[in-house]
Amino acid sequence: MKDLTTLALLVTYQCNVECKHCGLNCSPKNKVWMSMDEMRSLAIQASKIGAESIVLTGGEPTLIKNKELCNYFRFVKNETSISNIRIVTNGHWAKNYEKAYSILKGWKDAGLDELNVSCGEFHQEYIPIENIGYAYKAGCDLDFFTVLLAGEFTKNKRKGKLTPYDFEKMLGCRIKQHHESSLFVAKNHAMTYNNAVNYGRGKNFIRPEDIPLISYENLPNTCSGTISTLSIHPDGYVTICCGVNARNVNFLTIGNWREEKLQKIVDRTKDDLFTNLISFYGLKTLKEKLMTTNPELELSHKLHYTGSCELCFELFTNKKLLDYLNANGLELEEELIAKKIMHLSTIRSPKYVYQ
């Protein structure tokens, strides 16, 4: 097993817009950045650990000057062993098709492999929906490995004005959903229909009843992202969670990249109790066990959730549960080790990939 496969660089908390639902509280006023030298150093460190992919996100990473951004793509491809570069952007730069094509061609020639464009009900209050179409069409025409419209929606129009259908209507075609792809498909040009979440600014804007719910029994039990991805924040902190709700949440923070090397932080995750519980033991397994053996923890009997992230937060922001795990976590060690060995022994990678 590789120690790390993906490094997510939140290069800044600054953004050119201030969406009402932003989980990271990004805005034009939030001018927290990592430097280009720091970005290069982090790429080198991740490469030495064995990372295969690097993701530039934020905030809005394209606020970096275009020449510097292209130079960074070239640096990663030429000076490290990282083979895949992805960028997550709101598409503000795609003013028309010709401009979108020109910018994306420059990025691709410099080494960019994947394009993720954030969109949905709330982004398009600030970014014209046409920009999303120009970016998507140009990305597909340039045959990027992935062109993904990362959409966030509520279950009704009480908050925003757009639905997934509006994006398909704008493009004039059906957009394949991300889950329709597979490990064996080389190209993925699609859209996610994610739920907007009530974290960060969204906590005061999006009500729980606005969010489509998932039954408890259909929630994933484990989250593999905690062992494959590290999120590097511009304020120095490193989190084991790739989600927008990771900022300033103590149990998800595993170190500070300005104070120690990534290798040391990655090594810490191997023995970190929370990382292993989320990755291998399972959130539902943990909850069900503790509800049976420790009813004094007062865990909820909720039947529906906005997603597995909500369950994760429900458990690990419960002070009684945290105190119990800190005092008695070793009681789970034998079962946890068995689940970890079973998980790692069944990881598979496709030998052949078909276009």
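Residues numbered from 1 in each chain as written. Predicted model: local features only at pLDDT ≥ 70, side-chain atom pairs only at ≥ 80, totals over all residues. Heavy atoms only, no water.

## With respect to the overall build of the protein
Formally: Put simply, DSSP marks the helices as runs of H or I at least four residues long and the strands as runs of E at least two long, and each gets a number from the N terminus on. Residue burial is assigned from relative accessible area. The probe radius is 1.4 Å, only protein chains are included, and a residue is buried under 20% of its type maximum, exposed over 50%, and partly exposed in between. Two residues form a contact once any of their heavy atoms are found within 4.5 Å. Per-residue and other accessible areas follow the Shrake-Rupley method at a 1.4 Å probe size, with only the shown protein chains counted as cover for residues. His is not counted here, nor are the chain ends, while Lys and Arg score as positive and Asp and Glu score as negative. To locate a charge, take atom NZ for lysine, CZ for arginine, CG for aspartate or CD for glutamate.
Summing up its helical and strand segments, the protein has 12 helices and 11 strands in all. Along the first, second and third principal axes, the C-alpha atoms of the protein reach 60 × 50 × 45 Å. Considering the protein as a whole, with its 355 residues, one finds that 52% of them fall into the buried category. Summarising the internal contacts of the protein: among those between residues at least 6 apart in sequence, 73% fall at separations of at least 24. When the accessible surface of the protein is totalled, it reaches about 17,100 Å², and 52% of it is carbon and sulfur. Counting 44 positive and 40 negative side-chain charges, the protein places the centres of these two groups 5 Å from one another.

## Here's the deal with the layout of surface pockets
For clarity, the cut-off: Every definition here rests on a 1 Å grid over the protein atoms only: cavities are sets of points where a 1.4 Å probe fits but cannot get out, pockets are open sets enclosed by protein on both sides within 12 Å along at least five of seven lines, and lining residues have some atom within 4 Å of a point. Grid points are joined across faces, edges and corners, and a volume is the space filled by probe spheres set on the points.
When its volume is computed, the second largest pocket comes out at roughly 270 Å³. Along the wall of the second largest pocket there are 16 residues; nearest its centre are D271, L273, L330, E333 and L336. When contributions to the lining of the second largest pocket are tallied by element, the ones reaching two or more residues are α7 (262-271), α8 (273-281), α11 (319-328) and α12 (333-345).

## Considerations on the packing of aromatic side chains
Here is the rule: Each aromatic pair joins two rings of Phe, Tyr and Trp (for Trp, the six-membered one) with centres within 6.5 Å, and gets the label stacked for planes under 30 degrees apart, edge-to-face for over 60, and tilted for any other angle. For a Lys NZ or an Arg CZ to count as sitting over a ring, it must be within 6 Å of the ring centre and within 35 degrees of the ring normal.
This structure, assessed with the given rule, holds 8 aromatic pairs. Taking the centre distance of 6.1 Å and the plane angle of 45 degrees together, the rings of Y216 and Y305 count as tilted. Within this pair, whereas Y216 is found in the loop between β7 (214-215) and α6 (225-228), its partner Y305 is found in strand β11 (residues 304-305), the two being separated by 89 residues in sequence. Under the relative-accessibility criterion, Y216 is labelled buried at 15%. Put simply, the rings of F73, W93 and W107 pair up and form one aromatic cluster. When the ring centre of Y281 is taken as reference, the NZ or CZ atom of K339 above it lies at 5.7 Å.

Read these as spatial facts, not as claims about activity.
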